[in-house]
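Remarks on the overall topology
Spelled out from the first residue to the last, the chains are:
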Amino acid sequence: MAQSTKVLDGGWGWAIVGASFMAQLLAYGSPQSVGVLYPEWLHAFQEGKGMTAWVGSLVAGVGLIASPICSACVDNFGARPVTIFSGVMVAGGLMLSAFAPNVQFLIFSYGVVVGLGCGLVYAATLTITCQYFDKRRGLALGIVTTGTSVGAFIYATAQNELIVLYGLDGCLLIIGAVALNLMGCAGFMRPLNMPGYYLKQKAALERNTDGQLFEKPPLDELKISAGSNMTTPEKTLMVKELLITIDAKDIQTEKKKHSFMAGLAIMKVIKKKQQAYSKYMRSMHEILQDQSMVAFCIAVFLFSLGAFPPVLFIEDVAQSQGLIEEVSVIPLVSIGAIATCVGKLALGVLVDIRWINGIYLYAFTMFAGGASLLLIPITKTYLGLQILSVSLGFFSGNWSLTSYITTKIVGLERLTQAHGILMFFGGFGIMLGPPVVGWFFDFTQSYDLAFYFSGTCVLIGACILTLLTLPCWNRKHSDNDRPDVQYTSNCDKVASVA
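This section reports on the structure supplied with the text. Every residue gets a number counted from 1 within its own chain, in the order that chain's sequence is written. Residue-level local features of this predicted model are given only where pLDDT is at least 70; pairs of side-chain atoms are given and counted only at 80 or more, and the full residue set underlies all totals for whole chains, interfaces and linings. Note that water and hydrogens are dropped before the side-chain values are worked out from all heavy atoms of the structure.

This next bit is on the overall build of the protein chain. Helix and strand assignments follow DSSP, with helices taken as H or I runs no shorter than four residues and strands as E runs no shorter than two, numbered in order from the N terminus. The secondary structure content of the protein chain amounts to 22 helices and zero strands. For the protein chain, buried positions account for 54% of its 498 residues. Remark: exposure states derive from per-residue accessible area (1.4 Å probe, protein chains only) relative to the maximum for the residue type, with buried under 20%, exposed over 50%, and partly exposed in between.

Right, here's the structure in full:
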């Protein structure tokens, strides 16, 4: 199961980067520019801002909340099948939204269906990119995640023109048809390691030909090793491999024996399965015991809670304050998206510099983003909103750092699990942010208090991340680490490699 270092940081990896970039562009183009559709939905359905905001919040939050499930799908089926299936979901959800009779139906078709499709694309593209890159992982992830920003820039302008030409329903049908190109992107995603589902199928095929794929050691000899690269057979198996190898094979063998013995064999296999899943859940618990990981999860939650609402509301802010009568040729959403694209690339390059600590770089972007949010209520010109859109968009490019920092904290072997947990927190924040801002407006008829709340949340998250990842905490907890588990998650190690 070990990946060869010869294929890393180049070669087909750049084709993976290109395909993943296009996949994120096609999937996230419309959801990231949902601020353009938001005023149209307000006018069409005549619902409150808080209720209508659920559409934009769910499409961004549902996929992230479901990240543990999406990551498990990528683990078991691979990036290519998952991306193909996500293309069907994204395209189907967008086309279905064209026939929405009310906001509630739109919440399901656009918010839930499209959101889950985007979550599958996000998990698949980041996972396979991390597998193909090591030393240039920060740059590769920066390029891949800029796909969402480039997509937002293109789709924000394109959706405006399509609405003028074909109406809101025609616009959704056209962009839904374009999203089908996700299936073409999936063709480039050649797996480095055989996914778990295919390992099981191959094992079944080998059994039918009297072969044996796995030589299983006794269960008590299987141990979890978080820091192992698994380059030799003597290395202990990962939890995922443990779950794969303990399958129905034992049942098939014992069924040939006496029926009573077969029943005992079934009970034995069930017990083994329970032990394997128990080990898997313990590894998840160990990830959340890491103080740096917990601090990062809290920071991502608070940043998502505060920094995402401007994507949805910034156009309505300009119109409600009388700064502009209608959406301009280049919307504020597009300006912020381009700034985010530049930010992802710049931050991706910076985090690859050896002496730069990725966690503290992320905390700095949170401080700057929080300050930008606090300035939105006191800005009384359209030019000022454009400048703040650029600032907030650039520092929102820190999403390109999440996979990199997670890998440094927990290691590549636990990336899928840890990233799923992290994205759950981020998705929960994104899902709550826009409705809260919308409710603030419905009660106060102003966005001022809402953006003060958003900026404060982001600043608090930056403080928590900075304080809980100080190197002094490692000395305090170093004596409590379990000796049988290899950890790579302390601030000293992060500082040395970030």
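Here the narrative resumes, following the displayed structure.
The next subject is helix H2 (residues 34-45). With twelve residues, H2 extends 16 Å from end C-alpha to end C-alpha; this agrees with the ideal 16 Å at 1.5 Å per step. Among the residues making up H2, those that are buried are Val34, Gly35, Val36, Leu37, Tyr38, Pro39, Trp41 and Leu42. Here, residues are in contact when the closest pair of their heavy atoms is within 4.5 Å. Along its buried surface, H2 packs onto helix H1 (12-32), helix H3 (49-65), helix H6 (103-132), helix H7 (137-178), helix H14 (309-320) and helix H15 (332-351). Directly after H2, the chain includes glutamine 46, whose backbone phi takes a positive value near 55°. In a helix, the anticipated span is given by 1.5 Å times the number of residues less one.

Pairing of aromatic rings covers Phe, Tyr and Trp, the last through its six-membered ring, and needs centres within 6.5 Å; plane angles under 30 degrees mean stacked, over 60 mean edge-to-face, and all others mean tilted. This model, assessed by the stated rule, comprises 13 aromatic pairs. Residues tyrosine 28 and tyrosine 122 carry aromatic rings whose centres are separated by 6.1 Å and whose planes lie at 70° to one another, so their mutual orientation is edge-to-face. Taken together, the residues span a long stretch of sequence, with tyrosine 28 in helix H1 and tyrosine 122 in helix H6 at a distance of 94 residues. The two residues tyrosine 28 and tyrosine 122 agree in class, both being buried. Among the aromatic residues, those joined into a cluster by ring pairs are Phe296, Phe303 and Tyr362.

Our next topic: the packing of H3 against H6. Throughout, an axis means a line fitted to C-alpha atoms (over the contacting stretch in the case of helices), and angles, computed between N-to-C directions, take values from 0 to 180 degrees. Axis separation between H3 and H6 bottoms out at 6 Å; the angle between their running directions is 20°. As summarised for this structure, H3 and H6 are arranged roughly parallel, according to the angle between their axes. Considering only the axes of H3 and H6, their crossing is right-handed. Between H3 and H6, the residues in contact are Met51, Thr52, Trp54, Val55, Leu58, Val59, Val62, Gly63 and Leu64 and Val103, Gln104, Leu106, Ile107, Tyr110, Gly111, Val112, Val114, Gly115, Leu116, Gly119 and Tyr122, respectively. Here the residues of the contact of H3 with H6 sort into 15 nonpolar, six polar and no charged. Note on terminology: angles under 35 degrees are roughly parallel, angles over 145 are roughly antiparallel, angles of 65 to 115 are roughly perpendicular, and the others are oblique. The hand of a helix crossing depends on one turn: near helix anticlockwise from the far one by less than a right angle means left-handed, and clockwise means right-handed. For this classification, the nonpolar set comprises Ala, Val, Leu, Ile, Met, Phe, Trp, Tyr, Cys and Pro, the charged set comprises Asp, Glu, Lys and Arg, and every other residue, Gly included, is treated as polar.

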